[in-house]
Amino acid sequence: MPTTKKESMYFGMMMCGGMVLVMTMYNMFINDVIGHITLAEGILNLVITFVVAMIIETFVVGPVAKKVAFSLPFDKSKQLKVVLILSSCMVIGMVLFMSVYGLITMSLTKGLDGEPLLSSYALIVMKNFIVAYPLQLLIMGPLVRGLFMKFVKKNPAAA
């Protein structure tokens, strides 16, 4: 796992990039946006979302998730427990924050259809969490950790 700031930056970019790609496609699908926007608009949306997610992950959710995860009473010598608890804290934080971003972009593009703001937010959080949590724990987390260990950790120039 990352041991330096530079490695942490690479790991964060890889994880954030993968999660943003899948979650953006998922949200475009459930909101029936695919087919109604151009490829350029989709790519622009993906880039903006990635930048927003990286800023939130780097400066807000990441530091708080680490503090919360490592303050919990569990055996920190067990790597799997550390990964699962830290990943869980990260997903919860990112879903809460990125759902605000989703609510803002949805209200700007197609409106809220008269739905109360809080119920719209709660629905977005639920829809995102049910996909983001298993995606992170079962697919993206192991995939990014494997790629990180293969391409970044073994590369002394990246450290």
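Below or above, wherever it landed, is the structure these notes cover. (Residues numbered from 1 in each chain as written. Predicted model: local features only at pLDDT ≥ 70, side-chain atom pairs only at ≥ 80, totals over all residues. Heavy atoms only, no water.)

## Re helix α1 (residues 5–30)
Taking 1.5 Å per residue, 26 residues should reach 38 Å; α1 reaches 36 Å between its end C-alpha atoms and fits that length. Within two residues after α1, Asp32 carries a phi angle of roughly 55°, on the positive side. (Helix = DSSP H or I, 4+ residues; strand = E, 2+ residues; numbered from the N terminus. Expected span 1.5 Å × (residues − 1).)

## Some thoughts on helix α3 (residues 79–109)
If you check α3, its first and last C-alpha atoms are 43 Å apart, about what 31 residues at 1.5 Å a residue would give, namely 45 Å. Looking at the residues trailing α3, positive phi occurs at Gly111, about 80°.

## Points about the environment of Leu118
Inspection of the secondary structure puts Leu118 in helix α4 (residues 117–152). Between the C-alpha atom of Leu118 and that of Leu103, which follows or precedes it by 15 residues, the distance is 10.0 Å.

## Some thoughts on a nonpolar patch on the surface
Taken together, the side chains of Leu39, Ile43, Val47, Val51, Ile55, Phe59, Val60, Ile92, Leu96, Phe97 and Phe129 define a hydrophobic patch exposed on the protein surface, amounting to about 1000 Å² of accessible area. Contributions of two or more residues to the nonpolar patch are made by α2 (39–71) and α3. Relative to the helices and strands, Val51 resides in helix α2. (Patch = residues over 30% accessible without salt bridge, like charges linked within 9 Å, V, L, I, M, F, W, Y side chains within 5 Å. Areas by Shrake-Rupley, 256 points an atom, 1.4 Å probe, with all protein chains shown as cover. Salt bridge = Lys/Arg side-chain N within 4 Å of Asp/Glu carboxyl O.)

## A look at the state of the cysteines
Under the criterion given, the structure shown has 0 disulfides. For Cys16, which is in no disulfide, the shortest distance to another cysteine sulfur is to Cys89 and amounts to 17 Å. (Disulfide = S-S within 2.5 Å.)

## A look at the packing of α1 against α2
In the contact formed by α1 and α2, the axes pass within 9 Å of each other and the chain directions differ by 130°. Regarding the angle of α1 to α2, the classification is oblique. The handedness of the crossing between α1 and α2 is right-handed. Where α1 approaches α2, its residues Gly12, Met13, Cys16, Gly17, Val20, Leu21, Thr24 and Met28 are matched on the opposing element by Gly42, Asn45, Leu46, Thr49, Phe50, Ala53, Met54 and Glu57. When grouped by side-chain class, the residues that make up the contact of α1 with α2 number 9 nonpolar, 6 polar and 1 charged. (Axes fitted to C-alpha atoms, helices over the stretch in contact; angles between N-to-C directions. Parallel < 35°, antiparallel > 145°, perpendicular 65-115°, else oblique. Left-handed = near helix turned anticlockwise from the far one by under 90°. Contact = heavy atoms within 4.5 Å. Nonpolar A, V, L, I, M, F, W, Y, C, P; charged D, E, K, R; others polar.)

## Things to note about the packing of α3 against α4
One way to put it is that α3 packs onto α4 with a least axis distance of 8 Å and a crossing angle of 140°. Considering their axes alone, α3 and α4 lie oblique with respect to each other. The chirality of how α3 crosses α4 is right-handed. Its residues placed into classes, the contact of α3 with α4 shows 17 nonpolar, 7 polar and 1 charged.

## Quick look at the pattern of salt bridges
Applying the stated rule across the entire model yields 1 salt bridge. With its nearest N and O atoms 2.8 Å apart, the salt bridge here joins Lys153 to Glu7. Of this pair, Lys153 sits in the segment after α4 while Glu7 sits in helix α1, and the two are 146 residues apart along the sequence. Residue classification places Lys153 among the partly exposed residues on the basis of a relative accessible area of 27%. With a relative accessible area of 3%, Glu7 lands in the buried category. (Buried < 20%, exposed > 50% of the residue type's maximum accessible area, 1.4 Å probe, protein only.)

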